[in-house]
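# Understanding the architecture of this molecule
The primary structure of each chain is shown beneath.
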Amino acid sequence: MFNLRKQIRLLYTTGILGNLSITGAWVVIMASRGFSLVQIGFAETVFHITSLLMEIPSGMLADVYGRKRMLALGNVMAITGDVITALSGNFAVACMAMPFHAMAYNFASGSGEALAYDSMKLEGKEAYYERYSSNQSIIYRVASGISTLLAGVALWLGYRKAYLISAVTGLLTLYFTLKLVEIRIEETDNADENGIENDGAENNSDKASVGTAVKKLIDYFVESIRFLIKNPKATKLMFLNSFVGAIDILLLFFLQSKLRTAGISNWFLGVALLTMELGGVVGSKLIVRFKRVRYIYLFIICTVGVLTGVMLEHTGSVIPMVLGGFISSLCDDAIQIRTDAKLNDMFPSEQRATLVSISSFTFSVIMIVLSPLAGFFFTFW
C-alpha cells in the first residue's frame, strides 16, 4: 500500500542531500580561482541559457515518463557537473560543467513539486501542500546555509576535492530518489485504482515509439500553453514571482564575493552566508501564519523587502550587507511559498510538472537578462 508519510520523508531526505553540499558557495570558489565577477556572471548566464532550453522539456518528460525517473536523471546530471568541475583546469572547462548543474535543477524543479502535490492529492490532503512547501524551503535554506558555512572548508580543501565530495553526496541522493513511488492521478492503462504507477509502465509500447513520444510531448506543451492563455492570472503570478526571486538570488550570489571585498575573512564569511540563508527559514515559517492576507499586499511587502536588501548591499559595510541579505531571503521565500501554493491549486494534475517547469522557464529568462547586468552592477556600483 502507498504510504504518504514515507513518500514525503523520502522527498525531504532527497531535498536535504540535494542541497547539502560543500560547494554551495560556488561563487566564492570561482572567485578564489581568479575568475572575475564578470566571468562569474557569464558562467551564471550559461547556466540559465541551459535552463531556458531544458526547463519545459524536462517538465514534459516528467509528466509523460514519470516524475521519479526525472528526479533520478537530475541526480545523475548533478554528479556529472561536479566531476567535470573537479577536473576543470580553466574557465572554459568550468563553464562546460554549468549546463549539467542547470539540468540537475531542471529535472528536479517541476518533478519534485508535482510528485509531492499529487501524492497528497491521492490521499485527499493537498491542503497540506503549503506546509510541505514551507518545510522544503526551510530545508533548502538550512542546507544551503550549512553549505555556505563550509565555504572556508571548501577553500581550504581546494575546488577539486570539494567537488569530488559533492559528487559522492550526489550518489547518496540518487539512492534515496530511487526509493520514491511514482504517482499518477489521472486514470490510465498503466495506473492502478490508487493512482500508483506499475513498475512495468516504462515498457509500454506507445512510450517506446519515438513518434508517439514526440507527439505526447507536443500535446503536453500545447495544452499547457492553452491553459496559460485561458488563465492569465497564473501567467502573471509566474512572472512577478520569478522577477522577485531573480533579484534575491543574484544579490545573495554576489554578496558572497562582495563581503570578502568589504573585509570579512573566509571563515566568518561562512557564518555571514548562513545568517542570510536563515532569513529564508524565517520567511517560510511566517508565511503559513498569514493565510488570510491578500496576495497583492504580500507581494508589495516582499518586493520592497528584496529591494531594501539590494540597497543595504551598497553600504559597503559588513553588518548592513548581511542584514540586507537576511531581509531579502525572508521576503523571497515567503512570496515563493504562497505563489507555489496558489499555482498548484490552479494546475491540472496531468500537466503539473510541465506548468511548474514553465514557471521556472520564466525565471531563467529573467536571469539570463539580469545575470550579466548584475555582474556589472555589483562590480562598478
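Check the entry above for the structure.
The paragraphs below set out a description of the structure included in this document.

If you look at the biggest cluster of nonpolar residues, it comprises 40 residues, and the most contacted ones within it are Leu-228, Leu-255, Leu-259, Met-276, Ile-335 and Phe-347. Counting residues per element, the ones that place at least two in this core are helix H3 (37–65), helix H10 (210–230), helix H11 (232–261), helix H12 (266–287), helix H13 (295–313), helix H14 (318–346) and helix H15 (352–380). Ranked by residue count, the leading element in this core is H11, at nine residues. Among the nonpolar cores identified, the runner-up in size contains 27 residues, and Phe-35, Phe-47, Ala-102 and Ala-246 belong to it.

Looking now at the pattern of salt bridges. Overall, the coordinates contain four salt bridges when judged by the stated rule. Here Lys-291 and Glu-130 are joined by a salt bridge, their closest N and O atoms 3.5 Å apart. Separated by 161 residues along the polypeptide, Lys-291 in the loop between H12 and H13 and Glu-130 in helix H6 (residues 129–149) bring together distant segments of the chain. The partner of Glu-130 in a salt bridge is Arg-338, with the nearest N and O atoms 3.4 Å apart. Here Glu-130, found in helix H6, pairs with Arg-338, found in helix H14; they are 208 residues apart in sequence, far enough to count as distant. A residue is classified by how much of its surface remains accessible, and Glu-130, at 9% relative accessible area, is buried. Residues participating in the shared-partner salt-bridge network are Asp-63, Arg-67 and Asp-118.

Below, the discussion takes up the packing of H3 against helix H4 (residues 67–87). The geometry of H3 relative to H4 is characterised by a closest axis approach of 7 Å and an angle of 135° between their N-to-C directions. Taken together, the axes of H3 and H4 lie oblique to each other. Contacts from Ser-58, Leu-61, Ala-62, Asp-63 and Tyr-65 in H3 reach Arg-67, Arg-69 and Met-70 in H4. Taken together, the residues of the contact of H3 with H4 sort by class into four nonpolar, one polar and three charged.

Below, the discussion takes up the environment of Val-214. Turning to its location among the elements, Val-214 is positioned in helix H10. Given a relative accessible area of 42%, Val-214 falls into the partly exposed group. Between the C-alpha atom of Val-214 and that of Leu-61, which follows or precedes it by 153 residues, the distance is 9.9 Å.

The rules we used
- Throughout this description, residue numbers start from 1 for each chain and increase along the sequence as written.
- The predicted origin of the model limits local features to residues at a pLDDT of at least 70 and limits the giving and counting of side-chain atom pairs to 80 or more, whereas totals for whole chains, interfaces and linings rest on all residues.
- Only hydrogens and water are set aside when side-chain values are computed; all heavy atoms of the structure are taken into account.
- By nonpolar core is meant a set of buried Ala, Val, Leu, Ile, Met, Phe, Trp, Tyr and Cys residues that side-chain atoms within 4.5 Å join together.
- Whether a residue is buried, partly exposed or exposed follows from its accessible area with a 1.4 Å probe, protein chains only, as a fraction of its type maximum: under 20%, in between, or over 50%, in that order.
- Strands are runs of DSSP state E lasting at least 2 residues, helices are runs of H or I lasting at least 4, and numbering of each runs from the N terminus.
- A pairing counts as a salt bridge when a side-chain nitrogen of Lys or Arg comes within 4 Å of a carboxyl oxygen of Asp or Glu.
- Angles run from 0 to 180 degrees between N-to-C directions of axes, and those axes are lines fitted to C-alpha atoms, restricted for helices to the stretch in contact.
- Every angle not falling under 35 degrees, over 145, or within 65 to 115 is termed oblique; those three ranges are roughly parallel, roughly antiparallel and roughly perpendicular.
- Residue contacts are counted whenever heavy atoms from the two residues lie within 4.5 Å of one another.
- Asp, Glu, Lys and Arg are counted as charged, while Ala, Val, Leu, Ile, Met, Phe, Trp, Tyr, Cys and Pro are counted as nonpolar; the rest, among them Gly, fall into the polar class.

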